[in-house]
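# Residue-level structure breakdown
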Amino acid sequence: MCGIIGYTGHRAANDVLIESLKRLEYRGYDSAGIGIIGEKLEIFKEIGEISMLQHSIPKIKGNLGIGHTRWATHGKVSKENAHPHLSCDKKIAVVHNGIIENFKTLREELENKGHIFTSQTDSEVIIHLIEEEYKGNLEQAVSSSLKKIQGSYAIVVICEDEPEKLVGARNESPLVIGVGDNENFFASDVTALLKFTNRVIYLDDGEHCVITKNSIHIFDRNNAEIQKKENTIEWDFNDAKKSGFPHFMLKEIYEQPNSVQRVLRGRVLEINRSIELPDNVERLLSDTIDSIHIVACGTSLYSGMVGKYLIEKITNIPVFVEMSSEYRYFGTKDRSSLVVFITQSGETADTLGALKKAKNAGNRTLVVTNVIGSTATRIADGFVLTQCGPEIGVAATKTFTSQMLSLLLIALKIATMRKELGSDEIYSYIRNLKDIPRQIRQVLAQSDKIADMAKHLKDATSVFFIGRGVNYPLSLEGALKLKEISYIHAEGFAAGEIKHGPFALLTKDTPVVAIVTRDATYDKIISNIGEIKARGPQIIAIADEKDTEIEKHADFVLRFPTNTGLLSCVSITVILQLLAYHVAKLRGCSIDKPRNLAKSVTVE
Amino acid sequence: MKAVILAAGEGKRLRPLTETMPKVMLPVANKPVLEYVFDAVRNSGISEIIVVVGYKKEVIMEYFREYDGIDIIYVVQDKQLGTAHALLQAKKHVIDSFIVLSGDNIIDQKSISKLIHNESEYSMLVKENLHPSKYGVVTAEKNILKELVEKPPNETLKRFVSTGIYKFSTSIFDTIENATSQGDYSLSSVIQSTVEQGKKISTIFADLWMDIAYPWDFLSINETMAHSAPSSLGGSIEKGVTLKGKVSIGNNTNIYSGCYIVGPVIIGDGCEIGPNACIFPSTAIGNNSVIHPFSEIRNSIIMNDVHIGSNSFISHSIVGRGNTIGHNFSSMMGKSTMEVEGEFKKLDDIGAIVGADCSIGSHVVIDPGKIIGTRCTLGSMNRIIKNVSSNSKVM
C-alpha cells in the first residue's frame, strides 16, 4: 500500500526521503514523490521506480520534507495523482495513505468555494480543506480539517510559512514517529526508519502530532496534549537487506529453519514437557472455550485453515475460519467463542475492522502477528508474536510457516490445560516440532531438483493443486504462491471436490500438483490421482520420503521428510514455495514486487 | 579500504562435516570460523567486505544477514577452480588498495591492522609453523619476499609459511588474468610469478593465525578459542546448578537443577540441559540443543539442534548439526589412527566425529576415531567399530 515518510533534522532531507522510500518499495507502488522546504516549498513526482524519481531531482537544499509511494486506489497512475498534493497557493503540501469516504461532497463544497483541483484522487480534498482552515497555525488547521473527514487516513503535512514543523495524523491507517537525536521522523512503517533510528512512538487512531527537529508533541481527539511511550525496535537494519540472495523471497524461504526456531524458542520446553505462552494469552486460553473463530485474509487465511485442522485434531474444539472482509460485516458474534485474528503486519485494514467488531461485541480476542506494537496488538486482549523479523517479499513465506506453528502451539497449550494430551503425547509433539528445522534444511537442499520440476510448470496456462485434510489449505497456499508471483492461473482444491465440477477444466495441458501424506485418506488421494491421470494431465506428487508406492501413480515426485501427519505441513509448504519461486524465476517475473499487489493491505 | 574474503571452497578434508555446510561455516566456540575473520576485518576499521562464495553459499548468506557494522557484498564463484580465480571474481568491486583473506583461517585484528598500515603496495602476513610442508613456505630477506613454494616435498628448515592474507593494489588483477588464461588458478603461483617479475612484496609476521585442515584440528582450536570467548550468562539457571570457571550461557537457555559445568564451556541460545548433567572443559554446545539428565560431555563440539538422550557420555568428539541421539550413548575415547583423503594421522585422545542429521538409537557405542557420515541411522545396541559412510543405515 501507499507508504509515507516525513523528516526534519540535520541531514539533507532529499537523501533521507529517497533512502526511506526505497525501504518502503516492498509494499508495492506505482508512483512516488517528495516535497521539501528549502528556500520555498518544492515538489517532485515521478511514475515508476524510486530510482527514476531520485535521478529527476535536482540538488535541493532543505532539511525538512515529506515523501510518498502511491498504490493507486482513486484515480489512475499519473504524475498528477501522485503525492504530495499542493494547496492552491502552493504553500502547503500533504501526503496521505487511506481512503476518504466523503471526498465527493467535500470536493464539491471546496470547488464551490473556488479551490482548483488538479488530480482525481480523494487525497487532494485534504490539502484544500487545510488551506481553507489555515490561519497561521498548521496543527490547528489540520485538526479542524480532519473533523470534517470520514474515512481512513495517515497524513503528514508541511507548510512553507512554518518551515520548522511537520504535522502528522492517523485514523485507521498506520503512522509512527521515529525519534532521533536532533532529528525526527514520520513513517507509515518502521522498516523505512531502521537505517536512521530504532526508537519509535506509535500513534493511535484520532491522534495527531507536531514534530520539529528537537520536539515531539502529541494530541488526542480533543486536542489535549498526551504523553506516549517510546518503543525500541529490535530488528536490525540489515534484516531488511537481501544478503546476497537474488530475491527477498528466496532469502526468506532460506531463513525458515531459523524463523521456525524463533517461534519455538523459549516457548517449547522439551525436558519440562511444557508449552509456555505469554501470561495474558494463557489466561485467555484457560477460560471456557466452546468454539474458536479464526479470522484472516490471504495467506494468513490459509494458515488459519491449517490451524483449524490442527486445533480440532488436538483439542476437539470446533473451529470456524472466516475471511476478515466478510466476518466484519456478516460474522456471527458468538460471545462464548474465542476469536483468533491472523495478520502479518498487524495493520491489515479488513482484519482490524473485524477485530474491532469482535471486541465491541464482547468476544475474547487473540492476535497472531509478526509486528509488536502494531495496531492489532494494541486492540486485542492478547497476542502471540511469530517473531520472524521483517518480511519484505510481497509473497508471504516465513510468516506463513510461523503462523501455522503459532496456531499449533496455541492448540497444544489448550490441550495441556484441559489435560486432553498426556505428558508422553506432548513430549512426542515437542520432539517432532524440534525436528522441523532440520526437515526444512533437507527440503532446501533439494532446491535444484525443485527448480528442475519447475520446468514442467513454466509454460502451463493453468495449474491445479489438490490435497485432503490439512493438505487442502496447503493446496490453496501453493496455488496462491504460484499465481501471485508467476501470474499462472492456479487453483487449489480439496481432492474429493475435484469431480464435483473442476474436473470439467482438466485437460492434458493442466498439470496437477498433488500433496500426498500417508494418513487415513492415502488410498483416497491415490484414487483421485488415478481419475485425474485418466484425463491426461501430468501429475507432480509431493510425497513422504518413505512412500514407495507413489512413483507408480505420479509422473514426478518431490519428497518431504517423514514427520507425524500434522507436522509435515511445514516441509510441504517449503516445497510449494520453492516450486512457485522457481517457476516465476524461469518466467522472468518480478518476484519481490508482483504486479498490482501490495505487502500489507491497509485499505479496505 | 575493502577486504576480499575467499569462502567458496567445500573443504573436502573435513567431510562429512562439510557435506551440509561450507568449511568456513563450521563452528569454533559456537561461532563460524568466517565470523572470526569478519570480526577481525571489521574491528581493524574496514568498511566493506566482498565475500567470494560458491559451495553451499546460501548457508553463509543466511547466517550473516544480521551481521552488523559493515557492508557485505557477495560474489559467486560457480566452479571452485582455485584461489586466484576466486579473487578475480571480486575484481569489479575493488578500487585501489585492498586486502585478501581466506575465510577458513582464524586471524586476529592486530595482524590485519599491521597489514593495512604497511606502506608497500603489496604485502603479506606470514607465520611460523611446525609443519611447513603442508603450506606455502616463505623465504624472505629483510622482510621482502624472495620465494614462495607451495607444499615443498621435503621438510626444510624454513619455518615460515604464507597465511594467504595479502594486501594488493588492483594491478594484481593483470597478473592473475595472465595466470588464469594459462590455466593456473592458484594465488600462490601468482605471487611467485609476481616476485619473479621483480615486484616487492613485504612480509609481516602475524600474531595469531590458525588453520583448520583436518577434523581433529577443530577440537584443539575450539579449546583455544573457548578460553578467549566473551562470557555472559543469559537464560535461566535453576537453583542447585554449579558453574565453575569461564561459562557462557545463551538467551532462552534452561539449565536445570543439579548440573555441574566447568569452563571453558559455551552454551548457545534456546538449549535445555539437565537435570544433573555434567559439562567439562572445553566444550561448545550450539543453539537449540538438548542434553538430557545424567549425561556427561567433555572437550567436545556439539553443534546446533542436537538432541542427546540421558546417561550419555561424549568426549573429544564432534557432533554435527541436527543429530538425534538416544539414551546411554557412548563415544569411546582413546588412541586411533585416522585417515583423511589418503593421509594418516595418529591421535592419542580422540572420540567420534558424527556428521549432520544422523539418527542414533539408544545404547550405541562408537569406537575412538570413527567417523559417521551425514544422515546415517544407527540402530540401538550397536557398537560401531568402522567408519560409516553418509546416508547409510546400521541396523
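Residues numbered from 1 in each chain as written. Chains lettered and ligands numbered in written order. Predicted model: local features only at pLDDT ≥ 70, side-chain atom pairs only at ≥ 80, totals over all residues.

### Comments concerning the overall build of chain B
Counting its regular elements, chain B contains seven helices and 39 strands. In terms of principal-axis extent, the alpha carbons of chain B reach across some 65 × 40 × 40 Å. Expressed as a percentage of its 395 residues, the buried residues of chain B come to 53%. For chain B, the proportion of contacts with a sequence separation of at least 24, taken over those separated by at least 6, is 50%. (Helix = DSSP H or I, 4+ residues; strand = E, 2+ residues; numbered from the N terminus. Buried ≥ 20, exposed ≤ 12 C-beta atoms within 10 Å, placed from the backbone. Contact = placed C-beta atoms within 7 Å.)

### Some details on the overall build of chain A
Across its full length, chain A carries 18 helices and 27 strands. Counting over 604 residues, chain A shows a buried share of 56%.

### What to know about the pairing of strand E2 (residues 31-37) of chain A
Looking along a regular strand, one sees the side chains alternate between the two faces of the sheet. All names here are of chain A. In terms of burial, E2 is a largely internal element, seven of the seven residues being buried. A two-sided burial pattern is seen for E2, the buried positions comprising Ser31, Gly33, Gly35 and Ile37 on one face and Ala32, Ile34 and Ile36 on the other. Pairing of E2 with strand E4 (residues 64-70), which is carried by seven bridges, proceeds in the antiparallel orientation. In the strand pairing of E4, Gly35 is matched with Ile66. Both E2 and strand E3 (residues 41-47) contribute to a ladder of seven bridges, which runs antiparallel. Note on E3: the bridge partner recorded for Ala32 is Glu46. (Pairing = 2+ DSSP bridges.)

### Digging into the domain arrangement of chain B
Put simply, an interface is often sized by how much accessible area is lost when its parts join up. Residues and elements named next belong to chain B. We note that the domain assignment places domain 1 (2-213) and domain 2 (217-394) within chain B. If you average the C-alpha positions of domain 1 and of domain 2, the two centres end up 31 Å apart. Listed per partner, the contact involves 15 residues of domain 1 and 24 residues of domain 2. Among the residues forming the side of domain 1 that touches domain 2, the class breakdown is 10 nonpolar, two polar and three charged. (Domains from an automatic or database assignment. Nonpolar A, V, L, I, M, F, W, Y, C, P; charged D, E, K, R; others polar.)

### Some remarks on the sheet that holds strand E16 (residues 247-249) of chain B
Residue and element names in this part refer to chain B. Across the sheet, which stays open at both edges, the seven strands sit in the order E16-E19-E22-E25-E28-E33-E36 with parallel pairing between neighbours. Among the strands making up the open sheet, the edge pair consists of E16 and strand E36 (371-372). Of the strand pairs in this sheet, strand E25 (residues 301-302) and strand E28 (residues 318-319) are connected by two bridges, and their pairing is parallel. Bridging across to E28, Ile301 finds its partner in Ile318.

### Considering helix H16 (residues 471-486) of chain A
If you check H16(A), its first and last C-alpha atoms are 22 Å apart, about what 16 residues at 1.5 Å a residue would give, namely 22 Å. Counting buried residues along H16(A), 15 of its 16 residues qualify, which places the element largely inside the surrounding structure. (Expected span 1.5 Å × (residues − 1).)

### A few points about the pairing of strand E19 (residues 319-323) of chain A
All names here are of chain A. With five bridges connecting them, strand E18 (residues 291-296) and E19 associate as parallel partners. In the strand pairing of E19, Val295 is matched with Glu322. In this region the chain leaves E18, passes through helix H9 (residues 298-315) and returns to the parallel neighbour E19; the handedness of that crossover is right-handed. (Right-handed = clockwise from strand over helix to strand, strands pointing away.)

### Some details on the interface of chain B and chain A
Between chain B and chain A, the residue contacts involve 21 residues of the former and 18 residues of the latter. Examining the composition of the side of chain B that touches chain A, we find that three residues originate from one element, helix H2 (residues 57-63) of chain B, more than from any other. The residue inventory of the side of chain B that touches chain A, partitioned by class, reads six nonpolar, six polar and nine charged.

### Describing the environment of Gly379(B)
Residue and element names in this part refer to chain B. Residue position: Gly379 is located in the loop between strand E37 (377-378) and strand E38 (383-384). In this structure Gly379 comes out as partly exposed when scored by C-beta crowding, with 15 C-beta atoms within 10 Å. For the pair Gly379 and Ser359, spaced 20 residues apart in the sequence, the C-alpha separation amounts to 8.3 Å. Beyond its immediate chain neighbours, meaning those up to four positions away, Gly379 contacts Gly361, Val394 and Met395.

### Considering the nonpolar core
Residues and elements named next belong to chain A. One finds Phe341, Ala514 and Ile575 to be the most contacted residues of the largest nonpolar core, which totals 242 residues. A per-element tally of this core places helix H18 (residues 569-586) first, with 12 residues. Dropping the residues within four chain positions of it, Phe341 is found in contact with Val295, Ala296, Thr351, Ala354, Leu355, Thr365, Val367, Ala376 and Ala380. Listed in part, the 70 residues of the second largest apolar core include Tyr29, Ala93, Ile99 and Ala141. (Core = buried A, V, L, I, M, F, W, Y, C linked by C-beta atoms within 7 Å.)

### Re the sheet that holds strand E21 (residues 364-369) of chain A
Residue and element names in this part refer to chain A. Taken together, five strands build an open sheet; the order of strands is E19-E18-E20-E21-E22 and the sheet is parallel. In the strand order of this sheet, the two ends are held by E19 and strand E22 (382-385), each with one partner. Put simply, the sheet's adjacent strands are angled 20° from each other on average, direction ignored. One ladder, built from six bridges, connects strand E20 (residues 337-343) with E21; its direction is parallel. Following the sheet pairing, Val339 is matched in E21 by Thr365. Taken strand by strand, helix H11 (residues 349-360) contacts E18, E20 and E21, and its axis lies near 160° from that of E20. (Axes fitted to C-alpha atoms, helices over the stretch in contact; angles between N-to-C directions.)

### Observations concerning unusual backbone geometry
All names here are of chain B. Across the junction of Gly263 and Pro264, the peptide omega takes the value 5°, indicating a cis bond. In this structure, Pro264 sits in the loop between strand E18 (260-262) and strand E19 (265-267). Note the cis peptide between Gly274 and Pro275, where omega equals -5°. Although it is not a glycine, Phe294 adopts a positive phi angle of roughly 65°. You can see Phe294 is positioned in the loop between strand E23 (290-291) and strand E24 (296-298). Its 18 C-beta neighbours within 10 Å are what place Phe294 among the partly exposed residues.

### Considerations on helix H14 (residues 423-444) of chain A
The end-to-end C-alpha distance of H14(A) is 33 Å, a good match for the 32 Å that 22 residues give at a rise of 1.5 Å each. Its axis deflected by about 35° at Ile436(A), H14(A) carries its strongest bend there, up to four residues before the proline Pro437(A). (Bend = angle between axes of the 7 residues up to and from the residue.)

### Notes on the environment of Asn328(B)
Within the secondary structure, Asn328(B) is located in the loop between strand E29 (324-325) and strand E30 (330-331). The residues contacting Asn328(B), other than those within four sequence positions of it, are Asn311(B), Ser312(B), Ser362(B) and His363(B).

### Examining the environment of Ser336(B)
Residues and elements named next belong to chain B. When you line up the elements, Ser336 lands in strand E31 (residues 334-340). Sequence separation between Ser336 and Asp367 is 31 residues; the distance between their C-alpha atoms is 9.0 Å. Once residues within four sequence positions are removed from consideration, Ser336 is found in contact with Leu347, Ile350, Pro368 and Gly369.

### Re the packing of H14(A) against H18(A)
All names here are of chain A. Running from amino to carboxyl end, H14 crosses H18 at an angle of 25°, the nearest separation of the two axes being 9 Å. Comparing the axis directions of H14 and H18 gives the class roughly parallel. Where H14 crosses over H18, the two elements pack in a sense that is right-handed. Counted together, Ile436, Gln439, Ile440, Val443 and Leu444 of H14 and Val570, Ser571, Val574 and Ile575 of H18 form the full contact between these two elements. Across the contact of H14 with H18, the residue classes break down as seven nonpolar, two polar and no charged. (Parallel < 35°, antiparallel > 145°, perpendicular 65-115°, else oblique. Left-handed = near helix turned anticlockwise from the far one by under 90°.)

### Quick notes on the packing of helix H5 (residues 172-181) of chain B against helix H6 (residues 187-196) of chain B
Each packed pair of helices is defined by two parameters, the angle between the axes and the distance between the axes. Residues and elements named next belong to chain B. Packing of H5 against H6 leaves a shortest axis separation of 10 Å and a crossing angle of 115°. The crossing of H5 and H6 is right-handed. Of the residues in H6, those in contact with Thr175, Ile176 and Ala179 of H5 are Ser189, Val190, Ser193 and Thr194. Partitioned by chemical class, the residues of the contact of H5 with H6 number three nonpolar, four polar and no charged.

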